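Chain and residue survey
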Amino acid sequence: MASITTPISQSQFKKPQLSILKTPKAHFLSLPMSSFAVKKTARMVVVSATTAAEKPKKRYPGEAKGFVEEMRFVAMKLHTKDQAKEGEKEPKGQPIGKWNPSFEGYLQFLVDSKFVYDTLERIVDKAAFPDYAEFRNTGLERSESLAKDLEWFKQQGHGIPEPSSPGISYAEYLEELSEKDPQSFICHFYNTYFAHTAGGRMIGRKVAEKILDGKELEFYKWDGELSQLLQNVRDKLDRVAQSWSREEKDHCLEETEKSFKFSGQILRLILS
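Cut-off values and rules
- Residues numbered from 1 in each chain as written.
- Predicted model: local features only at pLDDT ≥ 70, side-chain atom pairs only at ≥ 80, totals over all residues.
- Heavy atoms only, no water.
- 1 Å grid on protein atoms, 1.4 Å probe; cavity = no way out; pocket = protein on both sides within 12 Å on 5 of 7 lines; lining within 4 Å.
- Points joined across faces, edges and corners; volume = space filled by probe spheres on them.
- Helix = DSSP H or I, 4+ residues; strand = E, 2+ residues; numbered from the N terminus.
- Nonpolar A, V, L, I, M, F, W, Y, C, P; charged D, E, K, R; others polar.
- Phe/Tyr/Trp six-rings, centres within 6.5 Å; stacked < 30°, edge-to-face > 60°.
- Buried < 20%, exposed > 50% of the residue type's maximum accessible area, 1.4 Å probe, protein only.
- Lys NZ or Arg CZ within 6 Å of the ring centre and 35° of its normal.
- Bend = angle between axes of the 7 residues up to and from the residue.
- Polar contact = N/O pair within 3.5 Å; in protein donor to acceptor, adjacent residues only side chain to side chain.
- Contact = heavy atoms within 4.5 Å.
- Core = buried A, V, L, I, M, F, W, Y, C linked by side-chain atoms within 4.5 Å.
- Disulfide = S-S within 2.5 Å.
- Salt bridge = Lys/Arg side-chain N within 4 Å of Asp/Glu carboxyl O.
- pLDDT = per-residue confidence, 0-100.

**Side note on the layout of surface pockets**
In this approach, a probe sized like a water molecule rolls over the atoms, and the result shows the empty space that is left. Taken as a whole, the second largest pocket encloses approximately 250 Å³ of empty space. Surrounding the second largest pocket, 13 residues form its lining, Glu141, Arg142, Glu144, Ser145 and Asp223 being those nearest its centre. When residues of the lining of the second largest pocket are assigned to their parent elements, the largest contribution, four residues, is made by helix H4 (residues 143–155). Looking at the lining of the second largest pocket residue by residue, the classes come out as two nonpolar, three polar and eight charged.

Structure below.
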């Protein structure tokens, strides 16, 4: 009985040994390979994300100082070289200093300008978009001042003409724009008011010397410190633009040339 039981016992002992050795080997080899692949993939994702984060953001001229500086930069590029050192346009016609303004033409310019300012101020008061309300009572308004000037001309015996095509066309365009495109409207608002405080004043002084015996009109006067009034509006414009996307800001800047076109048509009335 003893000689029969011994081989059976040995056979049963060896098989479990082989089975135990195979299983651990298979598991031991597969675990490190899987772990290495996961770590390598994770490392690649981290490197890729870091590279994207470190890619430099495109900067726009003037952007670091605020959106108003971006608008100023674009506007200055549209000036002629004799108007501003940053100007890129070639001068057309005579320089402003050599203009020969007509009295009737200047009066028409004032009438059309008032028509445009009336429209701008009405749009801001109505505020089809809430942001427009930010620009009520800024101190830069010109309608009331122009009304005083036109009354003065009337008292001097001059007939006051009706608004002409340049002023009417611009006012209609502003009305339409303000209802559907706030970024473009803000571009016109900025360029109209700020241009008048700079080049507009210079033109007014030159014209006054030639046909008004140097009289300074109310159109070129402001209540309070002009530099502070301008800074207050700059701050408001920058605040409003903070909520705009880059695409909306670019859209606003693209309207600058059209603003110059309309205002230039009104300005040329001085020479008519």
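**Brief notes about empty space enclosed by the protein**
All chains considered together, the criterion is met by one cavity of 30 Å³ or more. Taken as a whole, the largest cavity holds about 40 Å³ of empty space. What lines the largest cavity is simply Ile96, Trp99, Pro101, Ile203, Lys206, Val207 and Lys210. Residue classes in the lining of the largest cavity are distributed as five nonpolar, no polar and two charged.

**A closer look at the packing of aromatic side chains**
The description of two aromatic rings rests on the distance between their centres and on the angle between their planes. Enumeration according to the criterion identifies 15 aromatic pairs in this entry. Centroid distance tyrosine 117 to tyrosine 193: 5.3 Å. Interplanar angle 65 degrees. Geometry classified as edge-to-face. Of the two residues, tyrosine 117 is situated in helix H3 (residues 103–126) and tyrosine 193 in helix H6 (residues 182–211); the sequence distance between them amounts to 76 residues. Taking relative accessible area as the criterion, tyrosine 117 reaches 5% and is therefore assigned buried. One aromatic cluster in this structure is built from Tyr106, Phe109, Tyr117, Phe135, Phe189, Tyr193, Phe219 and Tyr220. Its end group placed over the ring of tryptophan 152, lysine 215 keeps NZ or CZ at 4.6 Å from the ring centre.

**So, H6**
At histidine 196, H6 shows its largest bend, some 50 degrees. Once H6 finishes, aspartate 213 follows within two positions and takes phi at roughly 55 degrees, a positive value.

**A closer look at the side chain of glutamate 121**
Relative to the helices and strands, glutamate 121 is located in helix H3. In this structure the side chain of glutamate 121 is engaged in a polar contact, spanning 3.0 Å, whose partner is the backbone nitrogen of arginine 142. A polar contact is formed between the side chain of glutamate 121 and the side chain of serine 143, at a distance of 3.1 Å. Look past the residues within four positions of glutamate 121 in its chain and what remains in contact with it is Glu141, Arg142, Ser143 and Tyr193.

**Overview of the nonpolar core**
By size, the foremost hydrophobic cluster in this structure holds 55 residues, and its most contacted members are Tyr106, Phe109, Leu110, Leu140 and Leu237. Elements with a minimum of two residues in this core: helix H2 (67–77), H3, H4, helix H5 (165–180), H6, helix H7 (226–241), helix H8 (246–254) and helix H9 (256–267). Other than its neighbours up to four places away in sequence, leucine 110 contacts Leu146, Leu150, Phe153, Leu217 and Phe219.

**Focus: the state of the cysteines**
In the structure shown here, the tally under the stated rule is zero disulfides. Left unpaired, cysteine 252 is separated from the closest cysteine sulfur, that of cysteine 187, by 4.7 Å. Accessibility expressed as a relative area gives 0% for cysteine 252, which makes it buried.

**Brief notes about the pattern of salt bridges**
Under the definition given, this model contains eleven salt bridges. Residue arginine 122 pairs with glutamate 175 through a salt bridge whose shortest N-O separation is 2.8 Å. You can see arginine 122 sitting in helix H3 and its partner glutamate 175 sitting in helix H5, a full 53 residues away along the chain. Looking at glutamate 175, the relative accessible area reads 27%, which means it is partly exposed.

**A look at the confidence of the model for the chain**
A residue-level look at the chain finds 75% of positions with pLDDT of 70 or above and a mean pLDDT of 83. With pLDDT under 50 throughout, residues 1–52 is counted as low confidence; its partners more than four residues away or in other chains account for zero contacts.

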